[in-house]
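# Results of the structural survey
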Amino acid sequence: MLPTHTLSLSITRHWLDLYETIWKPEYFPKWVSQLGEAPLQAEGSYWKAKGPDGTLKVRFSEHNSYGVMDYWIDNGFGKEIYMPMRIVPNQEGAQVLLTHFRQPFTSDEIFQQELAILEQNLQRLYQRVTS
């Protein structure tokens with residue numbers, strides 16, 4: 001089993017409204033820095049992104065009524081990285097949960113850098129949906 005870390009963010013917005021706003025693949029580049037700022041290009045079951053480190057392929061969970069927003073990133077090295085994400089009710093607001101799996105052979109330093117990037121991404125999401 002891989003070690004994990006789950007990041008959490010509270011947003012004062014009804015969870016279903018938040019989910020309906022951000023679940024679409026086209027919305028992800030607005031807050032996920034690894035996908036770059038250019039629009040994603042649909043290609044079969046994947047979406048292509050031009051990230052800062054090159055082209056990525058991403059696939060997303062289907063729209064659902066449970067707040068599941070999982071996505072899988074293929075960085076071109078033959079392995080998909082699974083990113084489970086949930087939008088769950090938190091009274092009149094929402095909780096965004098994003099779990100990051102530490103990949104094999106990832107140093108402590110790199111893992112902490114990855115978590116810092118994900119935290120920044122969640123803050124970008126917060127800024128987008130609360131302003």
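Per an unreviewed UniProt entry, the protein chain carries the name Polyketide cyclase and comes from Mixta hanseatica.

## Here we look at the packing of aromatic side chains
In the structure shown here, the tally under the stated rule is six aromatic pairs. Measuring from ring centre to ring centre gives 5.5 Å for Phe-28 and Trp-31, while their planes differ by 35°; the resulting arrangement is tilted. For the pair formed by Phe-28 and Trp-31, the shared burial category is buried. For the ring pair Phe-28 and Phe-60, a centre distance of 4.6 Å and an interplane angle of 50° mean the geometry is tilted. Taken together, the residues span a long stretch of sequence, with Phe-28 in the loop between helix H1 (15-22) and strand S2 (41-43) and Phe-60 in strand S4 (residues 54-60) at a distance of 32 residues. The buried category is assigned to Phe-60, whose relative accessible area is 12%. Taken together through their ring pairs, the aromatic side chains of Phe-28, Trp-31, Phe-60 and Tyr-71 make up a single cluster. Sitting over the face of the ring of Tyr-46, Lys-57 holds its NZ or CZ atom 4.6 Å from the ring centroid.

## Here we look at the nonpolar core
The biggest cluster of nonpolar side chains holds 34 residues, and the ones touching the most others in it are Ile-22, Tyr-71, Met-85, Ile-87, Val-96 and Leu-125. Element by element, the count of residues in this core is highest for helix H2 (residues 108-130), at six residues. Setting aside residues no more than four positions away along its own chain, Met-85 makes contact with Ile-22, Trp-31, Gly-67, Val-68, Met-69, Asp-70, Tyr-71, Val-96, Leu-97, Leu-98 and Leu-125.

Cut-offs applied
- What you see as residue numbers is a count from 1 along each chain, following the sequence as written.
- For this predicted model, a pLDDT threshold of at least 70 governs which residues receive local features, and a threshold of 80 or more governs which side-chain atom pairs are given and counted, while totals over whole chains, interfaces and linings are taken from all residues.
- Excluded from the side-chain calculation are hydrogens and water; included are all heavy atoms of the structure.
- Working definition: a ring pair exists when centres of Phe, Tyr or Trp rings (six-membered ring for Trp) sit within 6.5 Å. Plane angles under 30 degrees give stacked, over 60 give edge-to-face, the rest tilted.
- Any residue under 20% of the maximum accessible area for its type is buried, any over 50% is exposed, and the rest in between are partly exposed; the area is computed with a 1.4 Å probe on protein chains only.
- Helix and strand assignments come from DSSP, with helices taken as H or I runs of at least 4 residues and strands as E runs of at least 2, each series counted from the N terminus.
- In our convention, an over-ring charge means Lys NZ or Arg CZ found within 6 Å of a ring centre and within 35 degrees of that ring's normal.
- Among buried residues, those of type Ala, Val, Leu, Ile, Met, Phe, Trp, Tyr and Cys that are joined through side-chain atoms within 4.5 Å constitute a nonpolar core.
- Contact definition: two residues touch when any of their heavy atoms are within 4.5 Å.

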